[in-house]
Amino acid sequence: MNVFRRKSVTQLQADALTDDRLKRALGATNLTALGIGAIIGTGIFVLTGTVAAQNAGPAVILSFVLAGVASIFAALCYSEFASLVPMAGSAYTYGYATLGELFAWIIGWDLVLEYALGAVTVSIGWSGYVVSFLRDIGIHIPAQISAARGTLITLADGTQVTAIFNLPAVIIIAIVTLLLVIGIRESATVNNVIVFVKVAVVLLFIIGAAHAVNPANWHPFIPPNTGVRGHFGWSGVMQGAGIVFFAYIGFDAVSTAAQEAKNPQRDMPISIIGSLLVCTVLYIAVSAVATGIVPYLQLDVPDPIAVAADHAGVGWMASLIKLGAIAGLSSVILVMLLGQSRIFWTMADDGLLPKFVSRIHPKFRTPWITTIVTGIVVACFAAVFTVREAGSLVSIGTLLAFVIVSIGVLVLRLREPELPRTFKTPAVWFVAPLGALSALALMISLPWLTWERLIYWFAFGIVIYFGYSVYNSKLGPRKIPGETAWSRALKIAGVIWIVFGSLGSILWLARYRTDYIPGPLGIVIGAAGFVLAWSLGALLNLVAQVSDHTHARHLMMETPGESGK
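Reading the values: rules and limits
- Residues numbered from 1 in each chain as written.
- Predicted model: local features only at pLDDT ≥ 70, side-chain atom pairs only at ≥ 80, totals over all residues.
- Heavy atoms only, no water.
- Helix = DSSP H or I, 4+ residues; strand = E, 2+ residues; numbered from the N terminus.
- Rg over C-alpha atoms; globule rule 2.2 N^0.38 Å.
- Areas by Shrake-Rupley, 256 points an atom, 1.4 Å probe, with all protein chains shown as cover.
- Lys, Arg positive; Asp, Glu negative; His and termini not counted.
- Charge placed at Lys NZ, Arg CZ, Asp CG, Glu CD.
- Disulfide = S-S within 2.5 Å.
- Axes fitted to C-alpha atoms, helices over the stretch in contact; angles between N-to-C directions.
- Parallel < 35°, antiparallel > 145°, perpendicular 65-115°, else oblique.
- Contact = heavy atoms within 4.5 Å.
- Nonpolar A, V, L, I, M, F, W, Y, C, P; charged D, E, K, R; others polar.
- pLDDT = per-residue confidence, 0-100.
- Buried < 20%, exposed > 50% of the residue type's maximum accessible area, 1.4 Å probe, protein only.
- Left-handed = near helix turned anticlockwise from the far one by under 90°.
- Phe/Tyr/Trp six-rings, centres within 6.5 Å; stacked < 30°, edge-to-face > 60°.
- Lys NZ or Arg CZ within 6 Å of the ring centre and 35° of its normal.
- Expected span 1.5 Å × (residues − 1).
- Patch = residues over 30% accessible without salt bridge, like charges linked within 9 Å, V, L, I, M, F, W, Y side chains within 5 Å.
- Salt bridge = Lys/Arg side-chain N within 4 Å of Asp/Glu carboxyl O.

I'd like a rundown of the overall build of the protein, residues and numbers included.
Counting its regular elements, the protein contains 20 helices and two strands. Computed over its C-alpha atoms, the radius of gyration of the protein comes to 25 Å, within 12% of the 24 Å expected for a compact globule of 565 residues. Seen through its principal axes, the protein has C-alpha atoms that stretch 90 × 60 × 50 Å. Accessible surface, the protein as shown: approximately 22,200 Å² in total, 72% of it carbon and sulfur. The average position of the 34 basic charges and that of the 27 acidic charges among the side chains of the protein differ by 4 Å.

The structure is reproduced here in structure tokens:
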């Protein structure tokens, strides 16, 4: 089977004109608001504090600048694809049209991680701000049900309790999921209102709290490294950029709604680039003010902007900022869940996931099954994860998507240069490679634990692809000649052996070898495990292939008349 089979760009364009299953209800304003709705949220209201306190100090400003520059390169590449292939699916669809089905699966599986954990991260931050706001007005949520499982929370009297799960995060996920099931127009209208409110609140914070900035809090601007990679110093600035990169995935989320845009060829580039530029400026301004008001080590809290507002002594404005943060984070959750459900729907529509998942609600014309499934899974993770655990995984997923999209633009320019493009990436041979390289550099700066979790995720994804998707793809054969249930089981077993055997060898060489068998012997054991995994996996696959050919010949001999026809 050809795992690099591609969708035709011209066929995708034709489908965009005729496929009316999803309602085309979004104009340029709605799409730009979706982008701002996703971008302004966790980066400002949550990650600004944790990255400043644990990685970059006041140089979190530089982290946002570096992440913004890398995002601009990727945004230009996304804009060309979004205008060229105006279909749901974002980078997954672009990868399918340029690099083939296996790469499309990898990026689609990656986007599932990106959007689902994006919603998890933001819902955790939302919970922190809601608890803080309700406490201001005299309503106290029990600490045991307002944070990640296992988190130690210090109460006002100095005692500590251990959190069981995060109930407010689960509640907001349920509300947003219901709204997305009801309809895209209704969701976009709610998002527009929320975006207006939260941009106003961000500007209010910048203007109203600027008087309390103490320049002494910016010194040293880049705190010296503590001897641990990523803990301050330039490695901390880079690692911080990799983490806050999560905040810039809003324009990526815009591209998932291309099939619900009224005029995607014109409006998609405007909304992608416009929302990114507006939000980058706001990010830099907010991080500068927050670290100028509060010593950066005190910002490692779920609601750092609320803490900064309290320190600034702005009185009534502090509660208003918290309320705006709650509204703002709500819109980010909405766009993340919107993007996740559209990716799921597109993959199911292509046959790579079970077909029932792609059903459209007859009344609301939304992919209601994928929306509900996404909401349930996200709520479960939001109940037990911390902000940092989820945020790092989202960042690496986003960065990988940007690498593939940047490469895909170049591949399509070479493969189909004659395609009419309403928007072209300027200086593509400069912008696209820099987009891929800058995203890759930020990926490398992320902690090893984040890479390890990504490897686990992709290992399971590869098993699902070769165990289910490759056989059910619309572009693939429905039946392989001579294949039996036994031979297919052997092939799947071979893939599982190769994937998890290789995974074990890589983890041994990269992490555990030095603890147990350092030196050449440990390297030999890891290399031997790698060779063994591939050898046994290939052997199982070879036995399955021989079985298929033998069975196919027997079938032809038993029914010569049928085969002659």
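Now, about the state of the cysteines: what can you tell me, with residues and values included?
Counted according to the given criterion, the structure contains zero disulfides. Here C279 is not disulfide-linked; the sulfur of C77 is the nearest cysteine sulfur, at 19 Å.

Please provide a residue-by-residue account of the packing of helix α4 (residues 60–84) against helix α5 (residues 91–98), values included.
Each pair of packed helices gets described by two things: the angle between the helix axes and the distance between those axes. Packing of α4 against α5 leaves a shortest axis separation of 10 Å and a crossing angle of 75°. Compared by their axis directions, α4 and α5 come out roughly perpendicular. Contacts between α4 and α5 pair Y78, F81 and A82 from the former with A91, Y94 and T98 from the latter. Of the residues that constitute the contact of α4 with α5, the class distribution is five nonpolar, one polar and no charged.

I'd like to hear about the side chain of D548, residue by residue, with values.
Here D548 lies in helix α19 (residues 520–558). Once residues lying within four places of it in the same chain are set aside, the contact partners of D548 are I480, P481, G482, E483, T484, S487 and K491.

Go over the confidence of the model for the protein with me, naming the residues and quoting the values.
Residue-level pLDDT values for the protein average 83, and 95% of them are 70 or greater. Per-element confidence in the protein ranges from a low mean pLDDT of 50 for helix α20 (residues 560–564) to a high of 89 for α19.

Just give me the short version of unusual backbone geometry, but keep the residues and values in it.
Of the consecutive residues H219 and P220, the connecting peptide bond is found in the cis state with omega at -5°. Tracing the sequence through the fold places P220 in the loop between α8 (184–209) and α9 (233–244). Located in the positive-phi region is F232, a residue other than glycine, with phi close to 75°. The residue F232 is located in the loop between α8 and α9 in this model. Judged by relative accessible area, which is 5%, F232 ranks as buried. Of note in the backbone geometry, A427 takes a positive phi value of approximately 45° without being a glycine. For A427, the location among the structural elements is in the loop between α15 (387–415) and α16 (428–445).

Now, about the side chain of K491: what can you tell me, with residues and values included?
Note on placement: K491 falls in helix α18 (residues 485–516). Non-local contacts of K491, meaning those with residues more than four positions away in its chain, are made with Y471, I480, E483, N541, A544, Q545 and D548.

Could you give an account of the packing of helix α11 (residues 264–293) against helix α12 (residues 304–312), with specific residues and numbers?
At a closest axis distance of 9 Å, the pairing of α11 and α12 adopts a crossing angle of 55°. Comparing the axis directions of α11 and α12 gives the class oblique. The crossing of α11 and α12 is left-handed. Here α11 contributes V286, A290 and I293 to the contact with α12, which in turn contributes I305, A308, H311 and A312. Grouping the constituent residues of the contact of α11 with α12 by class yields six nonpolar, one polar and no charged.

An account of the packing of aromatic side chains is needed here, citing residue identities and associated values.
Here the structure, examined in full by the defined rule, presents 15 aromatic pairs. Ring geometry for F81 versus Y94: centroids 4.7 Å apart, planes at 10°, classification stacked. In this pair, F81 sits in helix α4 while Y94 sits in helix α5, placing the two residues 13 residues apart along the sequence. The pair F81 / Y94 is uniform in exposure class, with both members buried. Taking the centre distance of 5.4 Å and the plane angle of 15° together, the rings of W105 and W109 count as stacked. With W105 and W109 both in helix α6 (residues 101–136) and four residues apart, the pair spans about one turn of that helix. W109 carries the same exposure label as W105, and that label is buried. Ring-pair connections join several aromatic residues into one group, and the members of that group are W105, W109, W457, Y465 and F466. The ring centre of Y471 lies 3.7 Å from the NZ or CZ of R488, which sits over that ring.

Would you mind going over α6 in detail, with residue names and values included?
Here α6 is 36 residues long and its end C-alpha atoms lie 52 Å apart, about the 52 Å a rise of 1.5 Å per residue gives. Taking burial as the measure, the 36 residues of α6 include 32 buried ones, the bulk of the element. In the stretch just after α6, G138 is the one whose phi turns positive, near 90°.

Any details on a nonpolar patch on the surface? Residues and values, ideally.
Taken together, the side chains of W486, W497, L532, L536, L539, L542, V543 and V546 present a nonpolar region at the surface, about 770 Å² in accessible area. Counting residues per element, the ones that place at least two in the nonpolar patch are α18 and α19. Among the elements that line the nonpolar patch, the one with the most residues is α19, at six residues.

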